[in-house]
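Structural features, examined
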Amino acid sequence: MEHKGFTAWFTGLPCCGKTTIAEKVAEILKNKGYKVEYLDGDIVRKNLTSDLGFSKEDRDENLKRITFVAKLLTRNNVAVLATFVSPYQKRRDIIRRDIGDFVEIYVRCPVEECIKRDVKGMYKKALSGKIKNFTGVQDPYEEPKKPDLIVDTDSETLDESVEKVLDKLDELGYIEK
Ligand SMILES: Nc1ncnc2c1ncn2[C@@H]1O[C@H](COP(=O)(O)OP(=O)(O)O)[C@@H](O)[C@H]1O
Ligand SMILES: [Mg+2]
């Protein structure tokens, strides 16, 4: 059966849990027979946008290219899972408008907890000044004003966060759970 495409956009601080949650959702949807594409910050920056850095302009350009790809996939009935810090509300609003079938998921976690997790040692580098423009340290993160869903990864288990995402996609008519 053919399903309507959508882009589930996971936004939040580095180490809040975007990748971990989206990978699990991707696996579940694939097993259910959905066409799934997963666009992740690290993968995209290695391939599509390896020429870009982390200034506000480059972050914007990065997201513009990603939006273009996500839009093509979405209109071809793919379930797109996109995991990007995407710290600016204005840009996220533009992405929503461009893609249309767009679900904004705020993966919320206090920065102190993100610093404790520091999955790739990036906070350590940022806090010691080895890298600049790091969101949560030098760069701002604008909390989503009206996300479709908030998951709180410092108080929920991974499975609880995943279930909330699947419930929301079901409620919006994009999947049948
Ligand atoms: N409820 C939760 N949801 C997602 N990740 C969690 C949760 N609780 C703890 N974690 C942990 O937080 C870390 C998040 O890392 P990652 O998914 O790479 O973050 P991001 O992609 O947002 O930078 C992982 O080590 C993960 O195991
Ligand atoms: Mg990630």
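Residues numbered from 1 in each chain as written. Chains lettered and ligands numbered in written order. Predicted model: local features only at pLDDT ≥ 70, side-chain atom pairs only at ≥ 80, totals over all residues. Heavy atoms only, no water.

1. Quick look at helix α4 (residues 89-99)
Where α4 is concerned, the buried positions are Gln89, Arg91, Arg92, Ile95 and Ile99. Around the axis of α4, the buried residues are gathered within 160 degrees of arc, so they sit on the same side. For α4, exposure combined with an orientation more than 90 degrees from the buried face picks out Lys90 and Arg97. Along its buried surface, α4 packs onto β1 (6-11), α3 (56-75) and β4 (102-108). Trailing α4 by a residue or two, Gly100 shows a phi angle of about 85 degrees, which is positive. (Buried < 20%, exposed > 50% of the residue type's maximum accessible area, 1.4 Å probe, protein only. Helix = DSSP H or I, 4+ residues; strand = E, 2+ residues; numbered from the N terminus. Arc of directions from axis to C-beta. Contact = heavy atoms within 4.5 Å.)

2. Topic: the sheet that holds strand β3 (residues 79-83)
Spatial strand order, β2-β3-β1-β4-β5: five strands in an open sheet with parallel pairing. Looking at strand neighbours, the two that pair on one side only are β2 (36-40) and β5 (149-152), the edges of this open sheet. Strand after strand, the sheet turns through a mean of 20 degrees between neighbouring axes, direction not considered. Contacts between α3 and the sheet are confined to β1, β2 and β3, with β1 contributing the most and set at about 145 degrees to the helix. Sheet strands in contact with α4 are β1 and β4, and its direction is about 150 degrees off that of β4. (Pairing = 2+ DSSP bridges. Axes fitted to C-alpha atoms, helices over the stretch in contact; angles between N-to-C directions.)

3. Re the pairing of β2
When you tally the buried positions in β2, you get four out of five residues, the bulk of the element. Direction of pairing for β2 relative to β3: parallel, over a ladder of five bridges. Residue Asp40 lies in a different strand from β3, and its bridge partner there is Thr83.

4. Some points on the pattern of salt bridges
Taken as a whole and assessed by the stated rule, the structure comprises 17 salt bridges. Arg108 is the partner of Asp152 in a salt bridge, and the nearest nitrogen-oxygen pair spans 2.6 Å. Here Asp152 is found in strand β5, whereas its partner Arg108 is found in strand β4, with 44 residues between them in sequence. In this structure, Glu171 and Lys168 form a salt bridge, with 3.2 Å as the shortest nitrogen-oxygen distance. Of this pair, Glu171 and Lys168 both sit in helix α7 (residues 158-171), three residues apart, roughly one helical turn. (Salt bridge = Lys/Arg side-chain N within 4 Å of Asp/Glu carboxyl O.)

5. A look at the environment of Glu104
Within the secondary structure layout, Glu104 lies in strand β4. The spacing of Glu104 and Ile150 is 46 residues in sequence and 8.7 Å in space, taken between C-alpha atoms. Of note is the side chain of Glu104, whose polar atom sits 3.4 Å from the side chain of Arg96. (Polar contact = N/O pair within 3.5 Å; in protein donor to acceptor, adjacent residues only side chain to side chain.)

6. Digging into the nonpolar core
Counting residues in each nonpolar core, the largest one holds 34 residues, and the members touching the most others are Phe10, Leu29, Leu81, Ile105 and Val165. At the level of elements, β1, α1 (18-31), β2, β3, β4, α6 (122-127), β5 and α7 are the ones that each hand at least two residues to this core. Ranked by the residues each element gives to this core, the list is headed by α1, at five residues. Judged by nonpolar contacts, the second largest core, of 13 residues, contains Val44, Ala70, Ala82 and Phe102. (Core = buried A, V, L, I, M, F, W, Y, C linked by side-chain atoms within 4.5 Å.)

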